Each structure stands twice: as C-alpha cells, then as structure tokens.
Amino acid sequence: MVGDLLRKHPVEGQGEDAILNLLGTPTTTDKWPKSEMVYVLGPDSGIGIDHEWLLIELNANRVVESHSIVED
C-alpha cells in the first residue's frame, strides 16, 4: 500500500509541510533517532512480530532528500 502511495505522490523534493499534509504527524519514537520524520506502517508481511517503518530524511532547507522503508 505504501509503495502505491509513494508512486502516486513521490516525496523526494517535497517540503516538510507537504509531507505533513500528505501523511500527517510523524510517529513519536526514539527507534530511528537519525531520521527526521518517521511513520509506522504496521506489522510486516511476515509473521507480524516486526513492523515496517517509513523513514524520511530532510536536508537543511527542510526538503525531502531521501526516504526508505525498513523493518525493525
């Protein structure tokens, strides 16, 4: 589902406000301290113990530089 969202709404090059409008408030967590915007996506597609996360990195101008989807 997130893959489809990111295909329809690429986040690279978007400002922080645009991401907040698209995805809402980031998830509060200290799990990914080097990522500026973190969103929990829910249980992974495996046995459901781990979760998938969307990590968004911003540059000095508060514009998305990169994103990744990771599992914990």
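The structure this text deals with has already been given above.
A brief look at the structure comes next. Position numbers for residues count from 1 along each chain, tracking the sequence in the order it is written. In keeping with the model being predicted, local features are shown solely for residues with a pLDDT of at least 70 and side-chain atom pairs are shown and tallied solely at 80 or more, while totals for entire chains, interfaces and linings include all residues. Only heavy atoms go into the side-chain values, all of them from the structure, while hydrogens and water stay out.

**Brief notes about the overall build of the protein chain**
Then comes step 1: Each helix and strand counted, the protein chain has two helices and three strands in total.
Then comes step 2: Runs of E in the DSSP output that reach at least two residues are strands. Runs of H or I that reach at least four are helices, and both are numbered from the N terminus. Counting from the amino terminus, the protein chain carries its helices and strands in the arrangement α-α-β-β-β.
Then comes step 3: Going through the 72 residues of the protein chain one by one, you find that 22% of them count as buried.
Then comes step 4: Across the protein chain, every contact between residues at least 6 apart in sequence was considered, and the portion connecting residues at least 24 apart equals 28%.
Then comes step 5: Of the roughly 4,800 Å² of accessible surface on the protein chain, a fraction of 51% belongs to carbon and sulfur atoms.
Then comes step 6: In this tally, Lys and Arg are treated as positive and Asp and Glu as negative; His is ignored, and so are the chain termini. Charge positions come from single atoms, namely NZ of Lys, CZ of Arg, CG of Asp or CD of Glu. Considering the protein chain, the positive charge centre built from 5 side chains and the negative charge centre built from 13 side chains are found 2 Å apart. Think of it in three bands: residues with accessible area under 20% of the maximum for their type are buried, residues over 50% are exposed, and the middle band is partly exposed, with areas taken using a 1.4 Å probe on protein chains only. Residue contacts are defined here by distance: any two heavy atoms, one from each residue, within 4.5 Å place the two residues in contact. Surface accessibility in these figures is a Shrake-Rupley result with a 1.4 Å probe; residues are shielded only by whichever protein chains are displayed.

**Thoughts on the nonpolar core**
Then comes step 1: Counting 10 residues, the largest nonpolar core consists of Val2, Leu6, Val11, Ile19, Met37, Tyr39, Leu54, Ile56, Leu58 and Val64.
Then comes step 2: Listed by contribution, the elements that provide at least two residues to this core are α1 (2–8), β1 (37–43) and β2 (51–58).
Then comes step 3: It is β2 that contributes the most residues to this core, three residues altogether.
Then comes step 4: Those residues in contact with leucine 54 that lie beyond four places of it in its chain are Leu6, Leu23, Met37, Val38, Tyr39, Leu41, His67, Ser68 and Ile69. Here, nonpolar core means buried Ala, Val, Leu, Ile, Met, Phe, Trp, Tyr and Cys residues that are tied together by side-chain atoms lying within 4.5 Å of each other.

**Some details on the pattern of salt bridges**
Then comes step 1: Between Lys or Arg on one side and Asp or Glu on the other, a salt bridge is scored when a side-chain nitrogen of the former is within 4 Å of a carboxyl oxygen of the latter. If you walk through the whole model with that rule in mind, you get four salt bridges.
Then comes step 2: One salt bridge in this structure joins arginine 62 and glutamate 16, with 3.1 Å as the shortest N-O distance. Here arginine 62, found in the loop between β2 and β3 (64–71), pairs with glutamate 16, found in helix α2 (residues 16–23); they are 46 residues apart in sequence, far enough to count as distant.
Then comes step 3: Glutamate 16 sits in the partly exposed class, given a relative accessible area of 24%.
Then comes step 4: The residue aspartate 72 makes a salt bridge to lysine 31 at a minimum N-O spacing of 3.8 Å.

**Some thoughts on the environment of glutamate 52**
Then comes step 1: The topology assignment puts glutamate 52 in strand β2.
Then comes step 2: When the C-alpha atoms of glutamate 52 and valine 70 are compared, they prove to be 5.5 Å apart, with 18 residues separating the residues in sequence.
Then comes step 3: If we skip the residues at most four places from it in the chain, glutamate 52 touches Tyr39, Val40, Leu41, Gly42, Asp44, Val70 and Glu71.

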